[in-house]
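The lines below spell out each chain.
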Amino acid sequence: MSESSPRIAIVGSGFAGLGMGIQLKRNGFDDFVILEKSQALGGTWHDNTYPGCACDVPSHMYSFSFELNPGWTRMFAPQPEIRDYLERTADKYGVRDHIRFGAAVESMEYDEDAAVWVVTLAGGGVLRPRAVVSGVGALHIPSYPDLPGIERFQGTAFHSAEWDHSYDFTGKRVAVIGTGASAIQFVPKLADQVDRMVVFQRTPPWIQPKPDVAIPKAVRGTFAKVPGTTRAFRDLIYWGLEARAVGFTIDPRLSGPQDRLARGHIARQIKDPELRAKVTPDYTIGCKRVLLSNDYYPALARPHVEVETTGITEVREHSVVTADGREHEVDAIVYGTGFKVVDAMADWRITGRGGVKIQEAWADGIEAHHGTTLPGFPNLFMMLGPNTGLGHNSVVFMIEIQIQHVLSLLRQMQRRNARTVEPRPEAVRAYNDRMHRRLRRAVWTEGGCDSWYLDENGVNRSLWPGHTFEFWAGSRKARPGDYIFA
Ligand code: NAP
């Protein structure tokens with residue numbers, strides 16, 4: 001292998017890619033590169049800069065367990081603070097020098113004879129690492145709605161993940177399309193600036209109060225000075241979040257308190273019965289991601305803000321038209337319409353043993369062993385792969401478990417002097433059958449909503465069905481019997 005081809009290539013420098021790089025280094029695997037398509041590290045926490053962008057999982061939990069941050073200024077830190085934390089952490093553990101910026105991976109093909117991956121970069125560079133770790137995540141390609149006339153719009157239009165900070169919303173008439181996790185964070189901020197706002201809602205989300213408070217300086221000082229306090233606080237948050245999830249992980253009928261909390265929130269924050277009815281979901285809570293906000297409903301209740309629930313039929317040069325023929329004239333459209341989750345995976349150009357494309361391997365549905373490895377794709381490790389997403393706790397916790405899984409495989413390869421590792425198909429089958437039996441009864445499938453968690457057959461390919469400690473117990477160490485070492 002040439003000098004320019006390190007033994008391991010990691011794709012992406014978000015929480016997953018950085019975490020993997022740091023742990024490789026700490027465990028003596030120094031020969032790796034992190035390929036980052038943009039010019040800065042941080043992944044989604046670099047890309048998303050919309051007003052109000054913040055974490056919706058408490059920051060003490062939404063951070064690495066090996067790099068606690070006593071200095072979080074709020075329970076739910078704003079985006080710049082999370083981005084700075086990642087920058088700082090990359091420097092502290094010396095992985096910045098491993099990052100190749102502006103290196104977008106175009107394709108990855110397994111070369112069976114040499115037992116290496118041929119990683120081709122946009123612009124033509126080629127690397128031939130022994131192993132590849134994908135840390136690309138699911139939420140990085142903006143999804144624009146497929147609306148007739150969308151390209152005709154003459155005003156300003158952009159997606160929440162590509163915010164145009166040069167555009168001054170002061171005094172403007174604005175359409176917001178989408179009411180998901182991103183929109184509920186920027187709508188209240190925009191409402192302060194604009195002259196008029198129409199929020200186009202297709203499905204209302206369930207929203208609960210956000211227990212977001214500033215963490216006083218004295219408390220941060222205690223976290224910094226008194227050993228064990230930051231970890232104890234994190235543990236407290238962890239178990240609180242797990243307790244909240246019994247309705248999702250055990251039985252939707254246990255979600256009563258969650259449902260009452262969300263309905264009470266609407267009743268307290270919105271007085272107008274018509275608006276209340278519009279924003280009250282008709283599906284079981286937890287079926288879609290439960291959102292947290294204290295300022296979204298009050299923003300919708302403001303006189304210059306309107307919630308439009310009639311479907312959009314067309315976009316014209318200066319307006320958005322709904323199915324009842326109403327034409328909303330606007331100066332700008334902001335798309336809070338989420339990310340291409342399924343399409344993004346369909347576009348992956350990954351070819352395994354025997355020229356099998358990853359889409360062919362997944363013809364019967366997207367699945368992996370412990371969300372991480374795939375038969376026929378030796379030495380390919382996926383962070384946040386199939387069924388590792390969460391609705392109730394921090395995905396950083398899941399990422400760290402997957403990193404341990406990969407490290408345990410790399411150590412076993414070293415011990416056995418093996419060039420390759422891949423899971424046994426029967427182990428993958430058993431793991432996924434067990435998980436999908438459980439998912440069939442879960443709220444995401446039975447809760448009466450449609451979401452990006454489900455594939456075209458209504459099968460949940462995104463979320464882990466249980467408590468996160470179950471994933472920790474079962475997945476942090478790879479079982480040698482589940483794998484073929486060669
Ligand atoms: P999202 O949750 O997928 O929401 C997209 C919104 O756009 C939904 O309201 C959806 O309506 C609507 N929409 C999509 N296509 C539409 C169309 N053609 N016409 C009308 N409406 C349309 O996307 P997101 O808000 O960007 O969030 C994505 C994920 O990012 C979240 O689930 C979360 O995991 C993550 N996130 C996290 C944070 C955080 O604080 N940690 C913040 C933001 C986002 P339907 O519901 O009807 O499909």
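Residues numbered from 1 in each chain as written. Predicted model: local features only at pLDDT ≥ 70, side-chain atom pairs only at ≥ 80, totals over all residues. Heavy atoms only, no water.

Quick look at the environment of aspartate 433 now. Mapped onto the fold, aspartate 433 is located in helix α14 (residues 425–440). Judged by relative accessible area, which is 34%, aspartate 433 ranks as partly exposed. When the C-alpha positions of aspartate 433 and alanine 363 are compared, they lie 16 Å apart, and in sequence the two are 70 residues distant. (Helix = DSSP H or I, 4+ residues; strand = E, 2+ residues; numbered from the N terminus. Buried < 20%, exposed > 50% of the residue type's maximum accessible area, 1.4 Å probe, protein only.)

Across four bridges, the pairing between strand β14 (residues 312–316) and strand β15 (residues 319–322) is antiparallel. Residue valine 315 lies in a different strand from β15, and its bridge partner there is valine 320. Turn length for the β14-β15 hairpin, with the two strands adjacent in sequence and antiparallel, is two residues. (Pairing = 2+ DSSP bridges.)

Moving on: the site of the ligand. Taken together, 22 residues surround the ligand, and among them Ala54, Asp56, Ser182, Thr203 and Lys288 come closest. In the model, an oxygen atom of the ligand is placed 2.6 Å from a nitrogen or oxygen of the alanine 54 main chain. The side chain of lysine 288 places a nitrogen or oxygen atom 2.8 Å from an oxygen atom of the ligand. Classifying every residue of the shell around the ligand by side-chain character gives nine nonpolar, nine polar and four charged. (Near = heavy atom within 4 Å. Polar contact = N/O pair within 3.5 Å; in protein donor to acceptor, adjacent residues only side chain to side chain. Nonpolar A, V, L, I, M, F, W, Y, C, P; charged D, E, K, R; others polar.)

Our focus in this paragraph is the pairing of strand β13 (residues 305–308). Here β13 shows no split at all, with Val305 and Val307 on one side and Glu306 and Glu308 on the other all buried. Note: strand β10 (residues 196–200) against β13, four bridges, orientation parallel. Looking at the pairing, phenylalanine 200 lines up with glutamate 308 of β13.

Our focus in this paragraph is the domain arrangement of the protein. Here the protein is described as being made up of domain 1 (8–141 + 340–485) and domain 2 (150–211 + 237–335). Here the C-alpha centre of domain 2 lies 30 Å away from the C-alpha centre of domain 1. Buried area between domain 1 and domain 2, summed over both chains or domains, comes out near 3000 Å², and the portion from carbon and sulfur atoms is 58%. Our count for the contact surface shared by domain 1 and domain 2 stands at one salt bridge. Residues arginine 289 and aspartate 56 are paired through a salt bridge, measuring 2.8 Å at the closest nitrogen-oxygen approach. Inspection of the region where domain 1 meets domain 2 yields 14 residue pairs in polar contact (both at pLDDT 80 or more). Only α15 (443–446) and α16 (468–475) provide two or more residues apiece to the side of domain 1 that touches domain 2. Partitioned by chemical class, the residues of the side of domain 1 that touches domain 2 number 19 nonpolar, 13 polar and five charged. (Domains from an automatic or database assignment. Buried area = accessible area lost by both parts, 1.4 Å probe. Salt bridge = Lys/Arg side-chain N within 4 Å of Asp/Glu carboxyl O.)

With that out of the way, let us pick up the nonpolar core. In this structure, Phe15, Phe169 and Leu300 are the most contacted members of the largest nonpolar core, which totals 109 residues. The dominant element in this core, judged by the number of residues it contributes, is helix α13 (residues 395–416), at twelve residues. For phenylalanine 169, the residues in contact, after removing those within four places along its chain, are Phe158, Trp163, Val174, Leu190, Gln193, Val194, Ala332 and Val334. Among the nonpolar cores identified, the runner-up in size contains 24 residues, and Met108, Leu127, Val132 and Ile350 belong to it. (Core = buried A, V, L, I, M, F, W, Y, C linked by side-chain atoms within 4.5 Å. Contact = heavy atoms within 4.5 Å.)

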